[in-house]
Amino acid sequence: MTKYIVQGGKPLFGEVEISGAKNAAVAIIPAALLVDGVCRIENIPQISDVTLCLKILEDLGAGIRSINRHTVEIDCSHIRSTRTNYDLARKIRASYYLIGSLLGRFGEASVAMPGGCNFGGVRPIDQHVKGFTALGAKVSVEGGFINAAVEGGRLKGTNIYLDVVSVGATMNIMMAAVMAEGNTVIENAAKEPHIVDLANFLNSMGANIRGAGTDTIKIRGVEKLTGGSYAIIPDQIEAGTYMAAVAATGGQVLVKNIIPKHMDCITAKLQECGVEVEEQDDTLLVRRTGKMQRTNVKTLPYPGFPTDMQPQITTVLALAEGTSLVTEGVWGSRYRYVDELKRMGANIQVDDKTAVVEGVEYLTGAPVQAYDLRAGAAMVIAALAARGQSEISGVQYIERGYEDIVEKLRAIGADIRAVEEPDDSETLQARIG
Ligand code: EPU
């Protein structure tokens, strides 16, 4: 079991390089199944969710060749099976993309019910199923697997109106429709940067998708996708997390390899708090010297403030002067981490979807738990800003989505280290033994 030990209270200074976007990578890798040829994918983040995605593809018969740490070649010309390994697929939320890609290419898919971060509440996939059904597939759940199949092996293009704006459903339906017969229109589609990234990837392999990044996506089905090369966009949320860390600790950091437009929603909120952000080409210079002021935040689908930055901004606001309101507008609830922040002295009350955050002068280090990926990022930020030592457990969640987080933070002056400890049951066993 790995833990992070953090000595807080040190401002951050220097430069940090942002990796490829996790939520683009975990869609684009399964989308390689649609391609009858070799896809070379660059700027892949080195995180455990990506490793799992690649393992799932390999198990289905894909040839995977690592070119370097961030580039991989995937060859899906000789796929053996359309049924995914149960234990691998259920570990990760993004395994639902295997349904769209396998169904789109082979007319059938059998994928374990997806797992992934559980931040409270349900994570339904009814809109994905609605899309596959509209395209002509029969979808059922049996023995923990979602089975989807279309008679005759090819889906048929149609119009699909999503009842909720869903990132996953938009991308999954896009994958299924790319080789369907005729045209598909997805209305009320999500507009996140990774949706545009997936469309660009598929188009570069021979697909015909227009309108990604707007709420209407039009797909003209093609017969076949062939190989090519593609580089994944930088991770908006990873960049936002480092920006929030600088806001919380103070200091000055150049955040490199980002697309500033994708950062606008986060930059605007930090500026409202009194953080200085200067944009230059593909970098943002983030500086916080004075005290931070309160603000209100509501998470919304893109281009609104991202839900995946909600725990991090709440942590920043816990240290700002005055009372801030944070409202979760995407998920039913995502505040499990608040109790952990309270252990460090934060003053936050949660009522359903709203957190009332009374800023405090300082936080103090404590043993805390990362309950999910972004909650874990919030724990790291809080620990970096807090006086004294914190011990963060559950860091395997953090490592699902943040490449080299310890090394990147150390390079900008943070006192953080990863330590291996026997887990509690082993400790107990040792004591009894
Ligand atoms: N929803 C439905 N039915 C569906 C799908 C979604 O009602 O069939 C609802 C959800 O319950 C939620 C809302 O629609 O209230 C939005 O969910 P969405 O489908 O957009 O989420 P997702 O695709 O499952 C992705 C990211 C999440 C991120 C959300 C929102 C991946 C693998 N996951 O999830 O990322 O929070 O979009 O932006 O791309 C993370 O990276 O930490 C993370 C959890």
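Owing to the predicted nature of the structure, the values given are computational and were not obtained by experimental measurement.

For the rest of this paragraph, the subject is the sheet that holds strand β1 (residues 2-7). Read across the sheet, 4 strands follow the order β21-β22-β1-β23 without closing on themselves; strand pairing throughout is mixed. Strand pairing shows two members of the sheet lacking a second neighbour, β21 (367-369) and β23 (415-420), which therefore form its edges. Strand-to-strand twist in this sheet, taken as the mean axis angle between neighbours without regard to direction, amounts to 25 degrees. Sheet analysis places β21 next to strand β22 (residues 389-393), joined by 3 bridges and oriented parallel. From the neighbouring strand, Pro 367 faces β22, where its bridge partner is Glu 391. Across the sheet, helix α12 (residues 373-385) touches β1, β21, β22 and β23, and the angle it forms with β22 is around 170 degrees.

Okay, the nonpolar core next. If you look at the biggest cluster of nonpolar residues, it comprises 79 residues, and the most contacted ones within it are Ile 74, Met 174, Phe 201, Leu 202 and Leu 225. Judged by nonpolar contacts, the second largest core, of 72 residues, contains Tyr 4, Cys 273, Phe 305 and Ala 382.

Our focus in this paragraph is the packing of aromatic side chains. Taken as a whole and judged by the stated rule, the model has 4 aromatic pairs. Judged by centre distance (4.7 Å) and plane angle (85 degrees), the ring pair of Tyr 96 and Tyr 97 falls under edge-to-face. Of the residues examined, Tyr 97 reaches a relative accessible area of 3% and is grouped as buried. Plain terms: the ring middles of Tyr 335 and Tyr 337 are 6.4 Å apart, the flat faces sit at 40 degrees to each other, and that makes the pair tilted. The residues Tyr 335 and Tyr 337 share a single accessibility class, namely buried. Lying over the aromatic face of Tyr 371, Arg 336 brings its terminal NZ or CZ to 4.1 Å of the ring centre. Taking the ring centre of Tyr 362 as reference, the NZ or CZ of Arg 387 above it sits at 3.7 Å.

With that settled, the discussion passes to the packing of helix α1 (residues 22-31) against helix α2 (residues 48-60). Two elements in contact, α1 and α2, have axes whose closest approach is 10 Å; the angle formed by their N-to-C orientations is 5 degrees. The orientation of α1 with respect to α2, classified from their angle, is roughly parallel. From α1, Lys 22, Ala 25, Val 26, Ile 29 and Pro 30 reach across to α2, where they touch Asp 49, Val 50, Cys 53, Leu 54 and Leu 57.

Take the environment of Cys 76 next. Assignment of secondary structure puts Cys 76 in the loop between β5 (71-75) and α3 (86-89). The class for Cys 76 is buried, based on a relative accessible area of 0%. Separated by 42 residues in the primary sequence, Cys 76 and Leu 34 place their C-alpha atoms 7.7 Å from one another. Apart from residues lying up to four places away in sequence, Cys 76 is in contact with Ala 32, Leu 33, Val 35, Gly 37, Leu 57, Ala 62 and Arg 105.

For the rest of this paragraph, the subject is the sheet that holds strand β11 (residues 208-210). The strand order β9-β10-β12-β11 describes an open sheet built from 4 strands, whose pairing is mixed. With partners counted over all chains shown, the strands left at the sheet margins are β9 (159-161) and β11, one partner each. Neighbour to neighbour, the strand axes of the sheet diverge by 15 degrees on average, direction disregarded. Across 3 bridges, the pairing between β11 and strand β12 (residues 216-220) is antiparallel. When the bridges of β12 are listed, Ile 209 appears paired with Ile 219.

This part covers the domain arrangement of the chain. Segmentation of the chain into domains returns domain 1 (2-19 + 234-425) and domain 2 (22-231). Once you take the C-alpha centre of each, domain 1 and domain 2 turn out to be 30 Å apart. Considering only the side of domain 1, the residues that lose the most area to domain 2 are Tyr 302, Arg 400 and Glu 403, jointly responsible for 36% of the buried surface there. There are 3 salt bridges connecting domain 1 and domain 2. The salt bridge involving Arg 400 is made with Asp 49; its shortest N-O contact spans 2.9 Å. Put simply, domain 1 and domain 2 have 8 residue pairs in polar contact (both at pLDDT 80 or more) between them. Partitioning the side of domain 1 that touches domain 2 into residue classes produces 9 nonpolar, 5 polar and 10 charged.

Another aspect to go through is the pattern of salt bridges. Under the defined criterion, the tally for this structure stands at 23 salt bridges. Residues joined by salt bridges that share partners form a network here, namely Arg 40, Glu 42, Arg 65 and Glu 73.

In the vicinity of the ligand lie 23 residues, with Gln 127, Ser 166, Val 167, Asp 308 and Val 330 positioned nearest. Take Gln 127: an N or O atom from its main chain is 2.7 Å from an oxygen atom of the ligand. Between the ligand and Arg 334, the relevant distance is 3.4 Å, taken from an oxygen atom to a side-chain nitrogen or oxygen of the residue. Of all the elements in the fold, those that place two or more residues in the shell around the ligand are α1, α5 (126-134), α6 (167-177) and α12. The leading source of residues in the shell around the ligand is α5, at 3 residues. Class assignment of the residues belonging to the shell around the ligand gives a composition of 10 nonpolar, 6 polar and 7 charged. Built from parts of two domains, the shell around the ligand gets at least three residues from each of domain 1 (2-19 + 234-425) and domain 2 (22-231).

The next thing to look at is unusual backbone geometry. A cis amide bond links Tyr 302 with the next residue in sequence, Pro 303, at an omega value of 10 degrees. Looking at the secondary structure, you find Pro 303 in the loop between β17 (297-298) and α10 (310-317). Phi at Asn 257 takes a positive value of approximately 65 degrees, unusual for a residue other than glycine. Locating Asn 257 in the fold gives a position in the loop between β14 (251-256) and α9 (260-272). With a relative accessible area of 22%, Asn 257 lands in the partly exposed category. Of note in the backbone geometry, Asp 404 takes a positive phi value of approximately 45 degrees without being a glycine. By secondary structure assignment, the location of Asp 404 is in the loop between α13 (395-398) and α14 (405-411). Its relative accessible area of 27% is what places Asp 404 among the partly exposed residues.

How each quantity is defined
Residues numbered from 1 in each chain as written. Predicted model: local features only at pLDDT ≥ 70, side-chain atom pairs only at ≥ 80, totals over all residues. Heavy atoms only, no water. Pairing = 2+ DSSP bridges. Helix = DSSP H or I, 4+ residues; strand = E, 2+ residues; numbered from the N terminus. Axes fitted to C-alpha atoms, helices over the stretch in contact; angles between N-to-C directions. Contact = heavy atoms within 4.5 Å. Core = buried A, V, L, I, M, F, W, Y, C linked by side-chain atoms within 4.5 Å. Buried < 20%, exposed > 50% of the residue type's maximum accessible area, 1.4 Å probe, protein only. Phe/Tyr/Trp six-rings, centres within 6.5 Å; stacked < 30°, edge-to-face > 60°. Lys NZ or Arg CZ within 6 Å of the ring centre and 35° of its normal. Parallel < 35°, antiparallel > 145°, perpendicular 65-115°, else oblique. Domains from an automatic or database assignment. Buried area = accessible area lost by both parts, 1.4 Å probe. Salt bridge = Lys/Arg side-chain N within 4 Å of Asp/Glu carboxyl O. Polar contact = N/O pair within 3.5 Å; in protein donor to acceptor, adjacent residues only side chain to side chain. Nonpolar A, V, L, I, M, F, W, Y, C, P; charged D, E, K, R; others polar. Near = heavy atom within 4 Å.

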